[in-house]
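Report on the structure
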Amino acid sequence: MTTHHPITIVGAGLGGLALARVLHVHGIEAALYDLDASPAARTQGGMLDIHHDSGQVALRAAGLLEEFRALVHPGGEATRVLDKDAVVRLEQSDGDRGERPETDRGDLRDLLLGSLPEGAVHWGTKVTGARPLGDGRHEVTPADGTAFTTDLLVGADGAWSRIRPLLSDAQPAYTGVSFVEADLKDADLRHPVSAEVVGDGMLFALGAGRGFLAHRETDGSLHVYAAVEAPEGWLDGIDFGDDEAARAQVLEHFADWDKSLRALIADADGPLVPRRIHALPAGHRWPRVPGVTLLGDAAHLMSPFAGEGANLALLDGAELGLALAAHPGDTEAALTAYEEEMFRRSELSARESAASGALLFRADAPQGLLDMFAGHG
């Protein structure tokens with residue numbers, strides 16, 4: 001017999017887990033499917049700033065806000081802005097503001113996972129597609145050739161979602177910016193100059209069309225992004241299988257930058273990691289389709305330059321869970337209420353993210369970012 005779930009969530013990232021947790025708090029169980037073989041199959045990325053008006057709202061709805069506060073990285077809200085000559089143009093201490101506290105993505109994911117019943121996540125299941133069966137029900141097909149059915153299907157499966165085609169033909173497009181990621185381990189001892197350059201929290205070292213974004217992680221390492229406005233094929237011309245050659249090719253774009261900034265890539269521990277930045281159209285939405293919806297990057301992938309992606313995924317998950325709990329027996333009313341608000345807030349954030357990206361790397365950088373901080377001052 002085919003397995004049937006009343007609610008299925010595809011993707012056990014932050015958004016999918018937040019949805020499952022809020023549903024669980026309200027006595028509603030859901031099945032999650034994730035392609036990773038286990039929770040420890042891969043690292044979960046670097047630091048996240050969890051916003052007081054989105055991510056923290058979601059964690060409060062999930063009953064996990066106090067536990068989250070124990071995970072906050074002290075000093076993580078500190079910010080430094082440098083120009084390409086390593087001149088400090090702005091420096092802000094953490095100040096214990098609490099509006100955007102930093103935490104490790106992996107720690108936050110573990111918190112959400114640990115709040116769910118044992119076996120809630122079906123690991124090692126790569127969903128390849130789904131099809132409608134009528135009356136809002138769907139059949140979901142994993143890569144292993146099996147199938148299961150569900151009354152409500154939620155795509156929380158990221159940028160290249162396999163659930164999104166049920167709702168929309170939209171595909172992520174390259175934004176014109178590429179990242180190369182690097183790590184510097186045990187920075188205070190092994191990379192003291194870089195540790196001083198980055199400081200206790202976040203670094204923005206900016207110039208026209210390029211820059212270094214970096215943050216200090218809870219284990220004392222530095223996570224660095226070299227950002228370059230470049231054609232989509234730029235990364236294809238770099239041999240990332242040869243660490244020394246890759247560093248040299250990336251640093252060609254920072255030839256006239258201060259040595260202390262170039263060291264963020266030149267002294268990297270381990271291989272560099274390429275990443276093209278993609279986004280869905282700002283204002284991406286779809287007509288109401290019975291029995292299926294999206295959250296997080298699957299719904300509104302945007303550039304990372306406003307720090308909204310993880311926060312919106314958390315809030316989407318929590319808001320969808322609350323809507324379903326508030327409309328027992330009327331899934332369509334819940335989905336309509338959820339999507340209306342999600343479309344509104346995600347469009348605003350997507351436009352803000354695109355504008356921030358343009359501001360960071362404009363011809364007079366870092367002046368645009370300095371002006372933004374002054375405006376918020």
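Summarised in this report is the structure supplied together with it. Here the structure is a predicted model, which means the values were calculated and not measured.

Rules used in this analysis
Residues numbered from 1 in each chain as written. Predicted model: local features only at pLDDT ≥ 70, side-chain atom pairs only at ≥ 80, totals over all residues. Heavy atoms only, no water. Salt bridge = Lys/Arg side-chain N within 4 Å of Asp/Glu carboxyl O. Buried < 20%, exposed > 50% of the residue type's maximum accessible area, 1.4 Å probe, protein only. Pairing = 2+ DSSP bridges. Helix = DSSP H or I, 4+ residues; strand = E, 2+ residues; numbered from the N terminus. Axes fitted to C-alpha atoms, helices over the stretch in contact; angles between N-to-C directions. Polar contact = N/O pair within 3.5 Å; in protein donor to acceptor, adjacent residues only side chain to side chain. Contact = heavy atoms within 4.5 Å. Phe/Tyr/Trp six-rings, centres within 6.5 Å; stacked < 30°, edge-to-face > 60°.

The next point concerns the pattern of salt bridges. Tallied over the entire structure, the rule returns 20 salt bridges. Among the ionic pairs, R89 bridges to D83, the shortest N-O distance being 3.9 Å. With a relative accessible area of 37%, R89 lands in the partly exposed category. Where R362 meets D371, a salt bridge forms, and the shortest distance between an N and an O atom there is 3.6 Å. Given a relative accessible area of 40%, D371 falls into the partly exposed group. Through salt bridges that share partners, K84, D85 and D256 make up one connected network.

Now for the sheet that holds strand 4 (residues 79–82). Within the open sheet, the 7 strands sit side by side as 5-4-12-13-14-11-15. Their pairing is mixed. Among the strands making up the open sheet, the edge pair consists of strand 5 (88–92) and strand 15 (273–279). Neighbour-to-neighbour, the strand axes of this sheet turn through a mean angle of 20°, independent of strand direction. Note: strand 12 (residues 202–207) against strand 13 (residues 210–216), 6 bridges, orientation antiparallel. Bridge assignment links G207 to a residue of strand 13, and that residue is R210.

Here we come to the side chain of S260. As for its placement among the helices and strands, S260 is situated in helix 8 (residues 259–266). Among the polar contacts listed, one links the side chain of S260 to the side chain of D258, at a separation of 2.5 Å. Ignoring any residue separated from it by four or fewer positions in sequence, one finds S260 in contact with A86, V193 and V197.

A separate point is the pairing of strand 14 (residues 222–229). Counted residue by residue, strand 14 has 7 buried out of 8 residues, so it is predominantly covered. As paired elements, strand 11 (residues 173–184) and strand 14 share 8 bridges and run antiparallel to each other. By the bridge assignment, L184 is partnered in strand 14 with L222. As paired strands, strand 13 and strand 14 are joined by 7 bridges and run antiparallel to one another. Each residue of the ladder has a partner; that of R210, found in strand 14, is V228. Here strand 13 folds back onto strand 14 in antiparallel fashion, the turn holding 5 residues, of which G220 has a positive phi close to 90°.

Our focus in this paragraph is the packing of aromatic side chains. Overall, the coordinates contain 8 aromatic pairs when judged by the stated rule. Between the aromatic rings of F179 and Y225, the centroid separation amounts to 5.3 Å while the plane-to-plane angle is 50°, which identifies the pairing as tilted. Taken as a pair, F179 in strand 11 and Y225 in strand 14 lie far apart in primary sequence, 46 residues in all. Each member of the pair F179 and Y225 is classed as buried. Both rings, one in W286 and one in F343, keep their centres 4.8 Å apart while their planes meet at 85°; by these two values the pair is edge-to-face. Taken together, the positions of W286 in the loop between strand 15 and strand 16 (292–294) and F343 in helix 11 (residues 331–360) put the pair 57 residues apart, joining distant regions of the chain. Each member of the pair, W286 as well as F343, carries the same accessibility label: buried. Put simply, the rings of F179, Y225, F305 and F361 pair up and form one aromatic cluster.

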